[in-house]
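Analysis of the macromolecular model
One letter stands for each residue in the lines below.
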Amino acid sequence: MMRPFKVFRRNFTSSGISLQTKYSQLSEAQRAFLDRSIRVDQAGELGANYIYQGQYLVLSHTRPDLKPIMKHMWEQEIHHHNTFNNLQVRTRVRPSLLTPLWKVGATALGVATGLLGKEAAMACTEAVETVIGGHYNDQLRVLANQFPVDLVNEAGEVEKEGVQSTELEDLKATVKVFRDQELEHLETAVEHDAHGARPYWLLTETIKLTCKGAIWTAERF
Amino acid sequence: MLANSFRRLYHSGAHVNPTIITDTIQTKVLAAALSHVPTTGFTERSIDLALNDLSLSPGVRSSFNFSHGPVMSLVLHHLKTQRVRLQQNHVAVIDGAKDEYGALLKLVQFRLLGNEAVLPHYHEALATIILPSNVASSLEELHALSDDLSWYAGDASNDFKWYAKRLSLSMAYVEAELFQLGDKSEGFKDTLEFVASKLDAVDKCGTAYNDVEEWGVFSLMSFVNLLKSQLVRG
Ligand SMILES: [Fe+2]
Ligand SMILES: [Fe+2]
């Protein structure tokens, strides 16, 4: 089977830069930030994908009326997940070592909240999207503030200062779209009685803490 | 430790990529020293001869930063030079490969043939990289090689298979180098065949591991133990 790597690479090098000038080297700290970000975003979107899969598995039987709305959110998560999978391969970031654990954990969380019923499933979405939305916002802030670079020519001379590469502009645009969609999911969840879940506080705070712990872990392992 | 050995930072397409080998006097000397390795081996003698070649006074050596000692620095320079050779030739090397496995095999064989000139002294290199103080950087370099090879071959794995592939490849590569030490066949024909059979197993394992995703914690020390046992025997 032929791998799609040739397509990846063509896209990657034709990011609108002339052959003569290049963006200056990223610092070790900048590369480390991007490395962590892509790994944790990929793991997070994998988690979201599997949570919805778990919820859909249960709710499509017990609450067929919810199928269209669940399916819409799930499909967006699949797109988020695929996007970060491609980014992880293309930028040669190692995926989270704990990928098997995220798959099992997210499926379990999805099935469990699905079994608790519509309100619990929506409360789960609300909690997850609150944390993810905040996480994406933090990331966007760093991408906007810490990544201006120089445009250098082949002789290594600076031609223009304080610009941002198309590669990083693209990443920021992607994260912004995803953040907005996560916040839409959050609103959808609240509209569908997330606050009616019992015990609401315990459920959402536990899930939020779990997500924060998972983010911390996936950035590192 | 596992995550640390895989310290592969984000690779940018739009930004200037840091090169594997930086351009300093120290690396010029190490490069010149490599040309002496076929005769004087992975030794400080090769470095002294290189200083002489470049008309540098022996005192220059004190300004060098050999973080793991001169011999290990020379060994690492050989390994990194070989990765640069792959970087420069990988497109031509995989030409005609039918799939990822075919490409990987061609790349690994190309890399093994890069040992030819230094092979009579390669046991010195292997003995150096397994010294306890050198193990961490040796493994980092080994995994950097596996990662490069996988990338050039077109690996696009997103999950645990990413680790399984690289670790099995590292293992197969180390075994192939040990085999190569004693290979007297024409053009290392036997080594190339040996590594083909090893990679064939990796190809099948990679798939199996992804299916069960139950690989458990892989002990990196098994590389070191393998090397130690083989070198003691040899
Ligand atoms: Fe998402
Ligand atoms: Fe979402």
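Residues numbered from 1 in each chain as written. Chains lettered and ligands numbered in written order. Predicted model: local features only at pLDDT ≥ 70, side-chain atom pairs only at ≥ 80, totals over all residues. Heavy atoms only, no water.

Let's shift gears to the coordination of the iron ion (ligand 2). All names here are of chain A. At the metal site, the iron ion (ligand 2) is ligated by Glu-77 (OE), Glu-129 (OE), Glu-182 (OE) and His-185 (ND1), and these contacts range over 1.7 to 2.6 Å. Around the iron ion (ligand 2) sit four donor atoms; with metal-centred angles ranging over 82 to 133°, the donor geometry is irregular. Spacing between the donor residues of the iron ion (ligand 2) along their common chain follows E-x51-E-x52-E-x2-H. Here the iron ion (ligand 1) and the iron ion (ligand 2) are spaced 3.7 Å from one another, each receiving a donor from Glu-77. (Donors = N, O, S within 2.8 Å, 3.2 Å for Na, K, Ca; no water. Tetrahedral: all angles 85-135°; square planar, octahedral: opposite > 155°, others 65-115°.)

A word on the packing of aromatic side chains. Residue and element names in this part refer to chain A. Following the criterion strictly, the structure yields eight aromatic pairs over all chains and no others. Measuring from centroid to centroid gives 5.3 Å for Tyr-56 and Trp-74, while their planes differ by 45°, and the two rings are tilted. Residue Tyr-56 is found in helix α2 (residues 28–62), and its partner Trp-74 is found in helix α3 (residues 67–90); the two are separated by 18 residues along the sequence. On the basis of relative accessible area, Tyr-56 is assigned to the buried category, the value being 15%. Residue classification places Trp-74 among the buried residues on the basis of a relative accessible area of 17%. (Phe/Tyr/Trp six-rings, centres within 6.5 Å; stacked < 30°, edge-to-face > 60°. Helix = DSSP H or I, 4+ residues; strand = E, 2+ residues; numbered from the N terminus. Buried < 20%, exposed > 50% of the residue type's maximum accessible area, 1.4 Å probe, protein only.)

Time to look at the nonpolar core. Residue and element names in this part refer to chain B. Ranked by size, the top nonpolar core spans 57 residues in total, and within it Phe-42, Leu-74, Leu-107, Val-108, Tyr-122, Leu-149 and Leu-199 carry the most contacts. Counting only elements with at least two residues in this core, the list comes to α2 (25–34), α4 (44–53), α5 (70–93), α6 (100–113), α7 (122–129), α8 (135–153), α9 (160–181) and α10 (189–212). At eight residues, the largest contribution of residues to this core is made by α8. Apart from residues lying up to four places away in sequence, Leu-107 is in contact with Leu-86, His-90, Val-93, Ile-94, Leu-149, Tyr-152 and Ala-153. (Core = buried A, V, L, I, M, F, W, Y, C linked by side-chain atoms within 4.5 Å. Contact = heavy atoms within 4.5 Å.)

Our focus in this paragraph is the pattern of salt bridges. Using the criterion set out here, one finds 25 salt bridges over all chains in the structure. Connected through shared salt-bridge partners, Arg-92 of chain A together with Lys-80, Arg-83, Glu-100, Glu-141, Asp-147, Asp-148, Asp-155, Lys-165 and Arg-166 of chain B make up one network. (Salt bridge = Lys/Arg side-chain N within 4 Å of Asp/Glu carboxyl O.)

Another aspect to go through is the coordination of the iron ion (ligand 1). The iron ion (ligand 1) binds to the protein through Glu-45 of chain A (OE), Glu-45 of chain A (OE), Glu-77 of chain A (OE), His-80 of chain A (ND1) and Glu-182 of chain A (OE); the donor distances cover 2.0 to 2.7 Å. Each donor residue of the iron ion (ligand 1) lies on the same chain, and together they follow the pattern E-x31-E-x2-H-x101-E.

Attention shifts here to the UniProt feature "binding site: Fe cation 2" (unreviewed entry) in chain A. Residues and elements named next belong to chain A. When the UniProt feature table is mapped onto this chain, "binding site: Fe cation 2" (unreviewed entry) is found at Glu-77, Glu-129, Glu-182 and His-185. Spatially, the listed residues are clustered: although they cover 109 residues, their C-alpha atoms lie within 11.4 Å of one another. By the element assignment, Glu-77 lies in helix α3. Exposure remark for Glu-77: the relative accessible area of 0% places this residue in the buried category. Each residue touching Glu-77, except ones within four places of it in the same chain, is listed here: Glu-45, Ala-48, Asn-49, Tyr-52, Glu-129, Glu-182 and His-185. Tracing the backbone shows Glu-182 in helix α6 (residues 166–191). Relative accessible area serves as the criterion here: at 1%, Glu-182 is assigned to the buried category. Among the polar contacts listed, one links the side chain of Glu-182 to the side chain of His-80, at a separation of 3.2 Å. (UniProt positions renumbered as here; feature names shortened; annotations may be inferred. Polar contact = N/O pair within 3.5 Å; in protein donor to acceptor, adjacent residues only side chain to side chain.)

Let's shift gears to the sheet that holds strand β3 (residues 158–163) of chain A. All names here are of chain A. Taken in spatial order, the three strands line up as β1-β2-β3 in an open sheet, and their pairing is antiparallel. Single-partner strands in this sheet number two, and they are β1 (22–23) and β3. Of the pairings in the sheet, the one linking β1 to strand β2 (residues 149–152) comprises two bridges and is antiparallel in character. In the sheet register, Lys-22 faces β2, and the bridge partner there is Val-152. (Pairing = 2+ DSSP bridges.)

Attention shifts here to the UniProt feature "binding site: Fe cation 1" (unreviewed entry) in chain A. Residue and element names in this part refer to chain A. Mapped onto this structure's residue numbering, the UniProt feature "binding site: Fe cation 1" (unreviewed entry) falls at Glu-45, Glu-77, His-80 and Glu-182. Judged by maximum C-alpha separation, these annotated positions cover 138 residues in sequence but sit close together in space, the widest gap being only 10.4 Å. Set against the second largest pocket, the annotated residues that line it come down to Glu-45. By secondary structure assignment, the location of His-80 is in helix α3. Taking the relative accessible area as the measure of exposure, His-80 reaches 0% and is therefore buried. Dropping the residues within four chain positions of it, His-80 is found in contact with Glu-45, Phe-178, Gln-181 and Glu-182. Within polar-contact distance, the side chain of His-80 engages the side chain of Gln-181 at 2.6 Å. (1 Å grid on protein atoms, 1.4 Å probe; cavity = no way out; pocket = protein on both sides within 12 Å on 5 of 7 lines; lining within 4 Å.)

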